[in-house]
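# Report on the structure
Residues per chain, in single letters:
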Amino acid sequence: MTEPSIVAANLEIEHNDSALVKRWTIEQSEELYRIQGWGEPYFSINAAGHVTVSPQADRGGSLDLYELVNALKQRNLGLPLLIRFSDILEDRIERLNACFAKAIARYSYPGAYRGVFPTKCNQQRHLIEDLVRFGKRHQFGLEAGSKPELMIALATLDTPGALLVCNGYKDHEYIETATLAQRLGHIPIIVLEQAEEVEMAIEAARKLGVKPILGIRAKLSTKGVGRWGNSAGDRAKFGLKIPEIIQAVEKLRQADMLDCLQLLHYHIGSQISAISVIKDAIREASQIYVELARLGANMQYLDVGGGLAVDYDGSKTNFYASKNYSMQNYANDIVVEVKEACEERQIPVPTLVSESGQAIAAHQSVLVFDVLSTSDVLPDLPEPPSPQDPLLLRNLYETYESISVDNYQEAYHDANQFKEEIISKFGFGYISLPDRARAERLYWACCAKILAIVRQQDYVPDDLEDLEKIMASIYYVNFSVFQSAPDSWAIDQLFPIMPIHRLDEEPTRRATLADLTCDSDGKVDQFIDLRDIKYVLELHPLNPLEPQPPDQPVNQPVNQHEPYYLAMFLNGAYQEVMGNLHNLFGDTNAVHIKLTPKGYQIEHVVKGDTMTEVLSYVQYDSEDLIEKIRRRTEQALQDNQITLQEARLLLQNYEHSLSRYTYLSS
Ligand SMILES: *Cc1c(COP(=O)(O)O)cnc(C)c1O
């Protein structure tokens, strides 16, 4: 970190002056990071300026996330650390069921709700086991989208009356296994998603002499919006078009199996941010449902799929990272639309099924990581040029001096122009390297001065919008975007990110995050905002470490600053299993925390990958590797290239590393 010098110091003095008048409050942090918008009722800030977690929402106590992380570090659970709060998972299941129960009561719906969790959203064993346990009293079931997921669901689900919805591509074995699962007391519903699956199901039924429970996935014409918008419509990957549905009904009728067809399913995509789209879909699906019943199918269930959105940015809008409706609105609309459609045609109402993934799993996990170092653009005040200096440099200095509220926009263009010209002249050999360095420092000084003015304005002219980005610090953080937030890299998904402490202190830096991988895509440079997104995140400068008393044996830390912890929230859906081993950064440590009357308890610890483990994924054997290094060391010793002491240290480090976490330790 460079020393803040004069200009920056001046800016900070101005800050501090105003800070004296008005101290930064936790309310300001709440507003800045929008924690109430996306975090309620689970996350908030306490008087100490730390993030707190209330895993049981308003029904239970809360714990200090910063202190929890420190306590876990003492137990050798280093960062990055994924913390799962099983109480939040339970609360999400309760909430979803309560919303449907309320809607059913409110509209006197003469049927029930029986939700399922789509396994693909997070297949971790501890989570699925918790989910099944928490869901028991609501007969909450599971949805499988592949053969391996079916294996999980068949073995884990043991709730009488809960549904086991079987989606995805199927082969004979899949269909047979699912059909036979009825014999174990399961209610497996085989959802026909491809035209060929109809024959396969008929064949399996004949072979086994067991009648399956069948569903049909319809391709609706209602299109989702945003990223997953193409899960519906005629070109969608899954589902039967209306003519194919009619054919399927006929085939089942001919096979005398029309009574097996009991469920209609659709899924128009994830994170449906607009309630209007949800309404359109349920309206269309209700009509298909009613028609199927009239055609003689033994209809019992209407499965509305996933799509119930999470408000990642807390804006409560139909922006793709948000949603313009509540869970209650969602349940109400589904219940009322289905009821009306059925009543009108005098068809008994179905049991309602939904497959909410994100809405159940996103909130329960928090990824905490530390900042390793920063690279700041901290401009200093350059000395005034002398008359012998290049004219362009003198011009740039004049520009710097002239910057004021009245001309800052023009001054910005001038500064850019002079800088470009200087670089171009440098290319022709007319400007020396030291002069170019002075020019660049001068340019940063101009930008800093202009930015200070821009930040005071209500309106930022378009051409100055990039200034924050240009002047942003880079915070190097101890995690891999590819492993822990793959959707942030792959589809620009936004997750709320904020410091978990020092929230009673003004965050004076503006930064983007760079991860540990040596991939230039390994970064986070889009953050949630009330309107659209922002390109820099407000963070605190790193505090230098208190000097250690010299006589104490110090465990030399990697960083020369106090720990600074950030957390990424709402990332419990999809990220874990889609995370990849880019640069061989492995799974992070994960812990399951449960609230107790006295505080909390650690229910499970899932240690992150060691280097030996990630290396074995790419077929390296640690013993082999060590042997190779040992031999080379031996050779180097023979050749007098290395001392015995160095050789010992090298081998020791090599062996030790292999058994360690793939991330940096601080
Ligand atoms: C992915 C998926 C879901 C889950 O969607 P969410 O938006 O996470 O609720 C549900 N059903 C099917 C068929 C899916 O493919």
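As the structure is a prediction and not an experimental result, all values here were calculated from the model. (Residues numbered from 1 in each chain as written. Predicted model: local features only at pLDDT ≥ 70, side-chain atom pairs only at ≥ 80, totals over all residues. Heavy atoms only, no water.)

As a packed pair, helix 9 (residues 196-208) and helix 10 (residues 242-254) sit with axes 10 Å apart at the nearest point and diverge in direction by 15 degrees. The pairing of helix 9 with helix 10 is recorded here as roughly parallel in orientation. Handedness of the helix 9/helix 10 crossing: right-handed. Of the residues in helix 10, those touching helix 9 at V198, E199 and I202 are A248, K251 and L252. Here the residues of the contact of helix 9 with helix 10 sort into four nonpolar, no polar and two charged. (Axes fitted to C-alpha atoms, helices over the stretch in contact; angles between N-to-C directions. Helix = DSSP H or I, 4+ residues; strand = E, 2+ residues; numbered from the N terminus. Parallel < 35°, antiparallel > 145°, perpendicular 65-115°, else oblique. Left-handed = near helix turned anticlockwise from the far one by under 90°. Contact = heavy atoms within 4.5 Å. Nonpolar A, V, L, I, M, F, W, Y, C, P; charged D, E, K, R; others polar.)

Here we come to the domain arrangement of the protein. Assigned domains of the protein: these are domain 1 (110-362) and domain 2 (621-658). In this structure, domain 1 and domain 2 have C-alpha centres spaced 58 Å apart. (Domains from an automatic or database assignment.)

Time to look at the pairing of strand 22 (residues 589-596). Burial analysis of strand 22 places seven of its eight residues in the buried class, the great majority of the element. In this structure, strand 4 (residues 81-85) lies alongside strand 22, joined through five bridges in parallel fashion. Residue pairing for strand 22: R84 is matched across the bridge by H592. As paired elements, strand 22 and strand 23 (residues 599-606) share seven bridges and run antiparallel to each other. Paired with A590 across the two strands is V606, which belongs to strand 23. Joining the antiparallel neighbours strand 22 and strand 23 is a turn of two residues. (Buried < 20%, exposed > 50% of the residue type's maximum accessible area, 1.4 Å probe, protein only. Pairing = 2+ DSSP bridges.)

With that out of the way, let us pick up the packing of helix 8 (residues 172-180) against helix 9. Two elements in contact, helix 8 and helix 9, have axes separated by 9 Å at closest approach and are oriented at 55 degrees. By the angle between their directions, the pair helix 8 and helix 9 is classed as oblique. Regarding helix 8 and helix 9, the two cross each other, and that crossing is right-handed. Residues H172, I175, E176, T179 and L180 of helix 8 lie in contact with helix 9, whose contacting residues are E197, M200, A201, E203, A204, K207 and L208. Grouping the amino acids of the contact of helix 8 with helix 9 by side-chain chemistry returns six nonpolar, two polar and four charged.

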